[in-house]
Every structure is written in C-alpha cells, then in structure tokens.
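Geometric and topological summary
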Amino acid sequence: MTTTASMVWLIIGCALVTWLPRIIPFIFVRSVKLPDVVMKWLSFIPVCILSALVIENLLDTESGKIVTLDWPVFITFVPTLIIALVTKSLSITVVAGVIIMAAVRFFM
C-alpha cells in the first residue's frame, strides 16, 4: 500500500481533531483558580469512570434476559481488589490482575 500526500494530511487532521478537544480545556483551566466545590466534584470523576468499567465487566448481560455475574471476572476481581487496597500501586495491581485472569482462564 502506498502512502499519498492526501492520506498523510488525513492522518494529521484526524490526530488534531482527536487531540485538540482533550488539550484545550487544560490550556484554559491552567491559569484559573477553580472553586473548592468544583475541585471536589472533579476528584470523583476517576472513581466513577473506574467503577463503571469494573461493574460493566462484572455483569454478564449477553447470556439472556437476566443480568448475571460473570464468574471468571468476579473470581479475578476479588483478589485484584485486595491487592490494590494493600499495595496502593497501579503497576502491581495491573500485573497481578493480568496474571490472575490468565490463571483463571487457564484453569476454567
């Protein structure tokens, strides 16, 4: 496959359209002192996003009309959560979660 100038400009344009909406708010907020209420509200966003991702993966909605627990994911979630709470290290938690999930998939 050959790369043409229009393809390169298309890739650059897509990168800018993806990158700019993520960077522009930081540029505007960098020099502004936000109220404490807003800072407290913003502090909950990472927890909410992580909770939504975890809960979405814990529940199995595709097997039928009843929402059930995805047992292999739940079996992986519990020890990974304990490791996260004990170590408070993202790297250790991610590596442990991947290893535990691999073991669960291997043995189930």
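Residues numbered from 1 in each chain as written. Predicted model: local features only at pLDDT ≥ 70, side-chain atom pairs only at ≥ 80, totals over all residues. Heavy atoms only, no water.

**Topic: a nonpolar patch on the surface**
On the surface, Val-8, Trp-9, Ile-12, Leu-16, Trp-19, Leu-20, Ile-24, Phe-28 and Val-29 cluster together into a nonpolar patch covering about 890 Å² of accessible area. Positionally, Leu-20 belongs in helix 1 (residues 5-29). (Patch = residues over 30% accessible without salt bridge, like charges linked within 9 Å, V, L, I, M, F, W, Y side chains within 5 Å. Areas by Shrake-Rupley, 256 points an atom, 1.4 Å probe, with all protein chains shown as cover. Salt bridge = Lys/Arg side-chain N within 4 Å of Asp/Glu carboxyl O. Helix = DSSP H or I, 4+ residues; strand = E, 2+ residues; numbered from the N terminus.)

**Some thoughts on the environment of Ile-45**
Tracing the chain through its elements places Ile-45 in helix 3 (residues 45-58). Ile-45 sits in the partly exposed class, given a relative accessible area of 33%. Considering only alpha carbons, one finds Ile-45 and Val-95, 50 residues apart in sequence, at a separation of 24 Å. (Buried < 20%, exposed > 50% of the residue type's maximum accessible area, 1.4 Å probe, protein only.)

**Structural notes on the UniProt feature "transmembrane region" (unreviewed entry) in the protein**
The UniProt feature table records "transmembrane region" (unreviewed entry) at residues 6-29, 41-59 and 71-104. In residues 6-29, the share of helix is 100% and the share of strand is 0%. The end C-alpha atoms are 35 Å apart. Here residues 41-59 runs as 89% helix and 5% strand, with 27 Å between its end C-alpha atoms. (UniProt positions renumbered as here; feature names shortened; annotations may be inferred.)

**As for the confidence of the model for the protein**
Scored by pLDDT, the protein comes out at a mean of 89, with 97% of its residues at no less than 70. When mean pLDDT is compared element by element in the protein, helix 5 (residues 90-107) scores highest at 94, while strand 1 (residues 59-60) scores lowest at 82. (pLDDT = per-residue confidence, 0-100.)

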